[in-house]
Amino acid sequence: VLASLPLQMMLYFNVYYFPVWCLAEGMMLQLKFHLLPRHYQFLLVAAFLILSLAEGSRLYLGYVGNLQEK
């Protein structure tokens, strides 16, 4: 059984686009942060951190799992 080439290609490109997404999302969050109420500020920061950590772990596990055929 070999590793999935289409999955590996999608993971490869996603690794390079993920920092661009983080930078763009962080810049937009910074621009509108002071205009929002406190509870929205908290929710946006929490959602950004959770999504960033989830995406990073998904990419790592995808790489490891696909290359080790798990």
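Treat the numbers as computed from the prediction; the structure is a model and nothing was measured.

**Observations regarding the overall build of the protein chain**
Part 1 of the argument: A count of helices and strands for the protein chain gives 2 helices and 0 strands.
Part 2 of the argument: Against the globule reference of 11 Å for 70 residues, the protein chain gives a C-alpha radius of gyration of 16 Å, more extended than a compact globule.
Part 3 of the argument: Taken along its principal axes, the extent of the C-alpha atoms in the protein chain is 55 × 20 × 10 Å.
Part 4 of the argument: Here the protein chain, with 70 residues, has 19% of them falling under the buried criterion.
Part 5 of the argument: Pairs at least 24 apart in sequence give 74% of the contacts found in the protein chain among residues at least 6 apart.
Part 6 of the argument: Accessible area of the protein chain: about 5,700 Å², with a carbon and sulfur share of 76%.

**Observations regarding a nonpolar patch on the surface**
Part 1 of the argument: Taken together, Leu5, Met9, Tyr12, Phe13, Val15, Tyr16 and Tyr17 make up a surface patch of nonpolar side chains, about 760 Å² in accessible area.
Part 2 of the argument: Here Val15 lies in helix α1 (residues 5–33).
Part 3 of the argument: Assessed through its relative accessible area of 31%, Val15 is described here as partly exposed.

**Some details on the packing of aromatic side chains**
Part 1 of the argument: This structure, assessed with the given rule, holds 4 aromatic pairs.
Part 2 of the argument: When the centroid spacing of 5.5 Å and the interplanar angle of 75 degrees are considered together, the rings of Tyr12 and Phe13 count as edge-to-face.
Part 3 of the argument: Its relative accessible area of 40% is what places Tyr12 among the partly exposed residues.
Part 4 of the argument: Members of the aromatic cluster, each reached through a chain of ring pairs, are Tyr12, Phe13 and Tyr16.

**Quick word on the UniProt feature "transmembrane region" (unreviewed entry) in the protein chain**
Part 1 of the argument: When the UniProt feature table is mapped onto this chain numbering, "transmembrane region" (unreviewed entry) sits at residues 12–30 and 42–61.
Part 2 of the argument: Strand forms 0% of residues 12–30 and helix 100%; the C-alpha atoms that close the span are 28 Å apart.
Part 3 of the argument: Regarding residues 42–61, the helix share stands at 100% and the strand share at 0%, and the terminal C-alpha atoms are separated by 28 Å.

How each quantity is defined
- Residues numbered from 1 in each chain as written.
- Predicted model: local features only at pLDDT ≥ 70, side-chain atom pairs only at ≥ 80, totals over all residues.
- Heavy atoms only, no water.
- Helix = DSSP H or I, 4+ residues; strand = E, 2+ residues; numbered from the N terminus.
- Rg over C-alpha atoms; globule rule 2.2 N^0.38 Å.
- Buried < 20%, exposed > 50% of the residue type's maximum accessible area, 1.4 Å probe, protein only.
- Contact = heavy atoms within 4.5 Å.
- Areas by Shrake-Rupley, 256 points an atom, 1.4 Å probe, with all protein chains shown as cover.
- Patch = residues over 30% accessible without salt bridge, like charges linked within 9 Å, V, L, I, M, F, W, Y side chains within 5 Å.
- Salt bridge = Lys/Arg side-chain N within 4 Å of Asp/Glu carboxyl O.
- Phe/Tyr/Trp six-rings, centres within 6.5 Å; stacked < 30°, edge-to-face > 60°.
- UniProt positions renumbered as here; feature names shortened; annotations may be inferred.

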